[in-house]
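Read off the chains here:
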Amino acid sequence: MSERVLIDGYNRRVDYLRMSVTDRCDFRCVYCMAEDMQFLPRQQILTLEEIYQLAQSFVALGTRKIRLTGGEPLIRPGVVKLCEQIAALPGLRELCMTTNGSQLGKLAAPLFDAGVKRLNISLDSLDPQRFKQMTRTGDLAQVIKGIDAARKAGFTRTKLNVVVMQGRNDQEINDLVSFAIDRQLDVSFIEEMPLGIISEHSRAESFFSSAQVREKIAERYTLIDSAESTQGPSRYWRLAEAPEIRLGFISPHSHNFCGTCNRVRLTVEGRLLLCLGNEHSVDLKAVLRAHPGQPQRLEKAIVEAMKLKPYRHTFEVNDDVQVVRFMNMTGG
């Protein structure tokens with residue numbers, strides 16, 4: 001029996017799914033949310049059983065990597081059990097999670113035991129006051145405790161995600177690299193994305209490109225280009241001084257990664273987003289609830305949705321908002 005696969009209209013194989021398990025978060029990061037956020041009513045979001053059913057269908061259609069995201073996924077009750085169920089799906093090679101790290105002190109070991117293979121942890125500053133300003137509510141010490149708990153639990157190849165903002169945390173780039181080296185962590189530096197309407201800062205003025213980040217790093221370290229891939233959007237480099245860690249650069253503005261895009265996103269309200277930077281979507285929750293117990297109907301809707309996947313996004317470096325949904329609604 002031939003393997004089932006998802007192919008989009010540009011002959012790209014889609015085998016990576018990012019699933020949001022909640023739009024809620026215990027942080028209010030300035031590049032991700034407005035300070036006064038309105039979250040979805042409980043009845044509008046997928047149940048954990050529905051999330052699992054969707055994961056089943058995607059894996060049946062050739063998905064080999066699933067990343068659970070939020071909001072902050074670890075604040076949703078029952079998420080560890082959900083991880084255990086998804087990780088056990090035959091054919092899935094890797095279950096990962098993106099988290100802000102606030103809950104890892106108590107949940108790192110249960111997540112590892114449940115079958116989560118890798119963690120991405122957001123960390124934009126090592127200065128407690130600046131960290132608090134950027135997250136509005138976050139406690140740096142609690143996040144670092146969570147990072148250390150993940151390593152103790154057995155997680156390897158844990159990656160830090162750093163959104164670099166001009167005049168905000170760009171002066172900390174090499175401190176963050178040093179922190180990653182000390183704890184044997186990979187790190188990805190990310191250009192800010194124009195998702196959601198914010199008033200806290202000007203995105204045009206805060207933009208700091210991946211090339212500028214590499215220039216900063218080159219002041220202290222020797223960068224070596226690498227052809228490695230983790231199926232995500234990062235372009236990787238190594239350091240001569242610490243070859244065991246990877247430096248990734250996610251550059252939606254300056255060097256977009258659309259040509260080889262292999263991923264789609266599922267929001268917690270059940271909308272399948274075919275592109276991070278476009279509004280093309282399909283309501284899979286409606287299909288799931290209209291045809292309970294009929295996975296073939298759901299799988300047919302997923303296959304048909306691939307025709308809507310655009311070739312690329314069109315992010316611009318200005319204060320125009322190309323997509324009005326915030327990152328917490330997008331699913332990481």
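Provided above is the structure to which this section pertains.
Note on numbering: residues in each chain are counted from 1, in written sequence order. Residue-level local features of this predicted model are given only where pLDDT is at least 70; pairs of side-chain atoms are given and counted only at 80 or more, and the full residue set underlies all totals for whole chains, interfaces and linings. Only hydrogens and water are set aside when side-chain values are computed; all heavy atoms of the structure are taken into account.

Caption draft 1: Representation of the packing of helix α2 (residues 79-87) against helix α3 (residues 104-114) within the structure. In this analysis, axes come from line fits to C-alpha atoms, helices being fitted only over the stretch in contact, and the angle between any two N-to-C directions falls in the range 0 to 180 degrees. Here a helix means four or more residues in a row that DSSP labels H or I, a strand means two or more in a row labelled E, and each is numbered from the N terminus. Running from N to C, α2 and α3 point in directions that differ by 20°, and their axes come no closer than 8 Å. For the element pair α2 / α3, the angle class is roughly parallel. The handedness of the crossing between α2 and α3 is right-handed. Contacts from Val80, Cys83, Glu84 and Ala87 in α2 reach Leu107, Pro110, Leu111 and Ala114 in α3. Note on angle classes: values under 35 degrees are labelled roughly parallel, values over 145 roughly antiparallel, values of 65 to 115 roughly perpendicular, and the remainder oblique. Two helices that cross are described as forming a left-handed crossing if the nearer one is turned anticlockwise from the farther one by less than a right angle, and a right-handed crossing if clockwise. Throughout, a contact is declared for two residues whenever any of their heavy atoms are within 4.5 Å.

Caption draft 2: Representation of α2 in the model. Exposure categories follow from relative accessible area, calculated using a 1.4 Å probe and restricted to protein chains: below 20% of the type maximum is buried, above 50% is exposed, and the middle band is partly exposed. If you check which residues of α2 are buried, you get Val79, Leu82, Cys83 and Ile86. The buried residues of α2 occupy one face: seen down the axis, they fall within an arc of 105°. Lining the buried residues of α2 we find α1 (48-60), β2 (65-69), β3 (94-99) and α3. Arc definition: directions from the helix axis to the C-beta atoms.

Caption draft 3: Quick look at the packing of aromatic side chains. Pairs were defined over the aromatic rings of Phe, Tyr and Trp, the Trp ring being its six-membered one, requiring ring centres within 6.5 Å. Orientation was assigned from the angle between planes: stacked under 30 degrees, edge-to-face over 60, tilted for the rest. Summed over the entire model, instances satisfying the criterion amount to four aromatic pairs. Centroid distance Phe27 to Phe131: 6.0 Å. Interplanar angle 85°. Geometry classified as edge-to-face. Of this pair, Phe27 sits in the loop between β1 (16-20) and α1 while Phe131 is found in helix α4 (residues 128-135), placing the two residues 104 residues apart along the sequence. By relative accessible area, which is 5% here, Phe27 ends up buried. For Phe131, a relative accessible area of 2% corresponds to the buried category. A positively charged side chain is recorded as over a ring if its NZ (Lys) or CZ (Arg) lies within 6 Å of the ring centre. The angle to the ring normal must also be within 35 degrees. Between Arg214 and the ring centre of Phe249, over which it is positioned, the NZ or CZ distance is 4.9 Å. It is Arg246 that lies over the ring of Tyr236; its NZ or CZ is 5.1 Å from the centre.

Keep in mind that these numbers describe shape and distance, not what the molecule does.
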